[in-house]
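Structural description and commentary
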Amino acid sequence: MQEFTKLKAEGGMARINDFRASRRAFMGLAAGGAALGAVSLPGVQAQTVRTSAHIVILGAGAGGTGIANRLAARLDGARITIVDGRMQHWYQPGFTLIAAGLKPAGYSVTTTGEWLPDGVDWVQDYAAEIDPEAGRVTTRGGETLDYDYLIVATGLSLDWEAIEGFSLDMVGENGIGAHYAGPDHAAATWRMMDRFTDEGGVALFGRPATEMKCAGAPLKYTFLTDDRARRKGTRGDVELIYAAHSGGLFGVPIVNEKVKMLFDDRGVDVRYNHVLRAIDPGARNATYDTPEGSRDIGYDFINVIPPQRAPQVVRESGLSWADRWTDQGWIEVDPYTLRHARYANVFGVGDINGVRYGKTAASAKWHLPVVEDHLVSEIAGGEGTARFSGYTSCPLITRIGRAMLIEFDYENQLAPSFPGVIAPLEELWITWLIKEIGLKPTYYAMLRGRA
Ligand SMILES: Cc1cc2nc3c(=O)[nH]c(=O)nc-3n(C[C@H](O)[C@H](O)[C@H](O)COP(=O)(O)OP(=O)(O)OC[C@H]3O[C@@H](n4cnc5c(N)ncnc54)[C@H](O)[C@@H]3O)c2cc1C
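About the thresholds
Residues numbered from 1 in each chain as written. Predicted model: local features only at pLDDT ≥ 70, side-chain atom pairs only at ≥ 80, totals over all residues. Domains from an automatic or database assignment. Contact = placed C-beta atoms within 7 Å. Nonpolar A, V, L, I, M, F, W, Y, C, P; charged D, E, K, R; others polar. Near = placed C-beta within 6 Å. Axes fitted to C-alpha atoms, helices over the stretch in contact; angles between N-to-C directions. Helix = DSSP H or I, 4+ residues; strand = E, 2+ residues; numbered from the N terminus. Left-handed = near helix turned anticlockwise from the far one by under 90°. Pairing = 2+ DSSP bridges. Right-handed = clockwise from strand over helix to strand, strands pointing away. Expected span 1.5 Å × (residues − 1). Buried ≥ 20, exposed ≤ 12 C-beta atoms within 10 Å, placed from the backbone. Core = buried A, V, L, I, M, F, W, Y, C linked by C-beta atoms within 7 Å.

Per the domain assignment, the segments making up the protein are domain 1 (3-85 + 125-156 + 310-391 + 443-447) and domain 2 (160-308 + 393-438). With 20 residues of domain 1 at the contact, the number on the domain 2 side is 15 residues. Class assignment for the residues of the side of domain 1 that touches domain 2 results in 11 nonpolar, six polar and three charged.

Quick look at the site of the ligand now. Lining the immediate surroundings of the ligand are 37 residues, of which Gly-59, Gly-61, Gln-92, Gly-155 and Gly-350 lie closest. Class assignment for the residues of the shell around the ligand results in 20 nonpolar, 12 polar and five charged. The residue makeup of the shell around the ligand includes at least three contributed by each of domain 1 (3-85 + 125-156 + 310-391 + 443-447) and domain 2 (160-308 + 393-438).

Moving on, we get to the packing of helix H2 (residues 62-74) against helix H8 (residues 361-379). Relative to each other, H2 and H8 sit at 35 degrees, their axes nearing to 9 Å. In the crossing of H2 with H8, the sense of the turn from one axis to the other is right-handed. Mapping the contact onto sequence places Ala-62, Gly-63, Gly-66, Ile-67, Arg-70, Leu-71 and Arg-74 in H2 and Ala-361, Ala-364, His-367, Leu-368, Val-371, Glu-372 and Val-376 in H8. Grouping the constituent residues of the contact of H2 with H8 by class yields eight nonpolar, three polar and three charged.

Now for the pairing of strand S15 (residues 238-243). Sheet topology note: the strand S14 (residues 201-206)/S15 ladder contains six bridges and is parallel. Bridged to Gly-201 within S15 is Val-238. Sheet analysis places S15 next to strand S16 (residues 269-271), joined by three bridges and oriented parallel. Counted as the bridge partner of Tyr-242 is Val-270 from S16. Between the parallel pair S15 and S16, the chain is carried across by helix H6 (residues 253-266), and the sense of this crossover is right-handed.

For H8, with 19 residues, the first-to-last C-alpha span of 27 Å sits near the 27 Å given by 1.5 Å per residue. A large share of H8 lies buried, amounting to 19 of its 19 residues. Once H8 finishes, Gly-381 follows within two positions and takes phi at roughly 90 degrees, a positive value.

What follows covers unusual backbone geometry. Of note, the phi angle at Asn-273 is positive, near 55 degrees, even though the residue is not glycine. Within the secondary structure layout, Asn-273 lies in the loop between S16 and strand S17 (275-280). Judged by C-beta crowding, with 17 C-beta atoms within 10 Å, Asn-273 ranks as partly exposed.

Here the focus is the sheet that holds strand S9 (residues 136-139). Neighbouring strands of a sheet are bound in pairs by backbone hydrogen bonds; such pairs are parallel or else antiparallel. If you trace the three strands from one edge of the open sheet to the other, you get S8-S9-S10, paired in antiparallel fashion. Among the strands making up the open sheet, the edge pair consists of strand S8 (127-131) and strand S10 (144-146). Taken pair by pair, the neighbouring strands of this sheet meet at an average axis angle of 20 degrees, ignoring direction. In this structure, S9 lies alongside S10, joined through three bridges in antiparallel fashion. Its bridge partner being in S10, Arg-136 is matched across the sheet by Asp-146.

Read from one edge to the other, the open sheet built from five strands follows the order S13-S20-S14-S15-S16, with strand pairing classed as parallel. Single-partner strands in this sheet number two, and they are strand S13 (176-177) and S16.

Here we come to the nonpolar core. Of all hydrophobic cores here, the largest spans 127 residues; its most connected members are Ile-55, Ile-57, Ile-151 and Val-152. Per element, the largest residue contribution to this core is 10 residues, and it comes from H8. When residues are assigned to domains, this core turns out to be shared by domain 1 (3-85 + 125-156 + 310-391 + 443-447) and domain 2 (160-308 + 393-438), each giving three or more. Ignoring sequence-local partners within four residues, the contact set of Val-152 consists of Leu-58, Val-314, Leu-319, Ile-331, Val-346, Gly-348 and Ile-352.

Right, let's get into helix H9 (residues 429-447). Between its first and last C-alpha, H9 extends 27 Å over 19 residues, near the 27 Å set by a 1.5 Å rise per residue. Taken together, the buried positions of H9 are Thr-431, Trp-432, Ile-434, Lys-435, Leu-439, Thr-442, Tyr-443, Met-446 and Leu-447. For H9, the secondary structure elements touched by its buried residues are H2, H8, strand S23 (392-399) and strand S24 (402-408). At the C-terminal side of H9, Gly-449 shows a positive phi close to 80 degrees.

Position of Arg-399 among the secondary structure elements: in strand S23. Residues Arg-399 and Leu-224 lie 175 residues apart in sequence; the distance between their C-alpha atoms is 5.5 Å. Filtering out sequence-adjacent residues up to four positions away, Arg-399 remains in contact with Phe-223 and Asp-227.

Structural data, given as structure tokens:
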């Protein structure tokens, strides 16, 4: 077990230190280009390290694909296996644009295979069991994979069944939307929102009480519905209600204040401490849990976003926190190194990590160099130094053609990529362009390990 401790690295610490210096220079510059595209610096070449380690990556989404490309470029002789049964790769930040009628469903869809580097084995199946004591993963099909290092990048599960009365086949009928569910469901959500903003009535938005990916997306979608109604001249006929799961709209206080102000300005009615429990599609009624008991609200359009948890295989693996997020199962990693707290040969990238912030693709981008540094340095016989700051980013669309670039870290400090150029809490056209045009190429560069 854990042959990695015995692995011999070629190259030695001097080369690794050279690499680290180059890498720091690279990443410092890349921070400035974070939202606009991959930065390539001529002459900066990371050193490769020779190893026979077997690295298993679970999940070929944003994080898993990015780390596979980075490790394939850095490790010479390693066996890298990536496990994912999904044939399609989804660019999920596009779902909000699809659900607002700004992009077609195909905008977010590519294939998983096209992003995977040569020399990486792709097991087209899902992990069914993880045994971190034995260092072994078993797939649903019964294949066993013994690993030296494991990278968990499964993303999260959307727990649709937790909403009583709801099922995904209802989306696109009777005023029901669910833009988190995938590109086709996002397109169906647009059909419902389009009809609603023609006909008027009451629309319900909100978020689950669990941690969630892109906590800005439910807010963006509320703003976009408001804007669609204004453009059609029907804003006077629609009532927009946002059900906040807590006493605020956003975890970062300064952003919370700004969104509150904008919701006030746009006439969005906020119901605090309302968590969606059930819908009755026939009666078009939604039931919320509140501190005062159940509350029913009738609707003509609802965008359902369910509770979010680690996939079952992860929750049952023994990798989750024992005393935090116990109903959600995020993995117990060090918030700065993303290395597992109890299994030193396990790392997490992306949404699966049990850290305070960071369930965005933009965060996954910054997970990648950290995990790469610690894993490759260890194989080389050294110790990684890179740290994840908690960087989380969300271009918060406030109307078609305007967005605010919200970037922050573990300390709730704003972490602007373009200080002095793009004001973080201003509704700007340039920020809209970042979301609408810049984010997708950056995302794809990240998949290739180049951003
Ligand atoms: C509506 C919406 C809007 C968003 N907007 C933004 C935005 O504007 N900016 C931003 O930065 N982020 C945004 N995000 C969040 C972003 O998409 C995620 O944070 C990011 O994709 C996380 O990457 P990941 O690799 O952790 O998970 P994913 O990209 O979701 O990939 C997980 C992969 O793991 C696979 N998998 C699952 N279970 C298993 C298993 N048992 N075995 C093997 N493989 C498995 C899945 O099939 C999937 O391919 C948005 C998300 C949504 C839904």
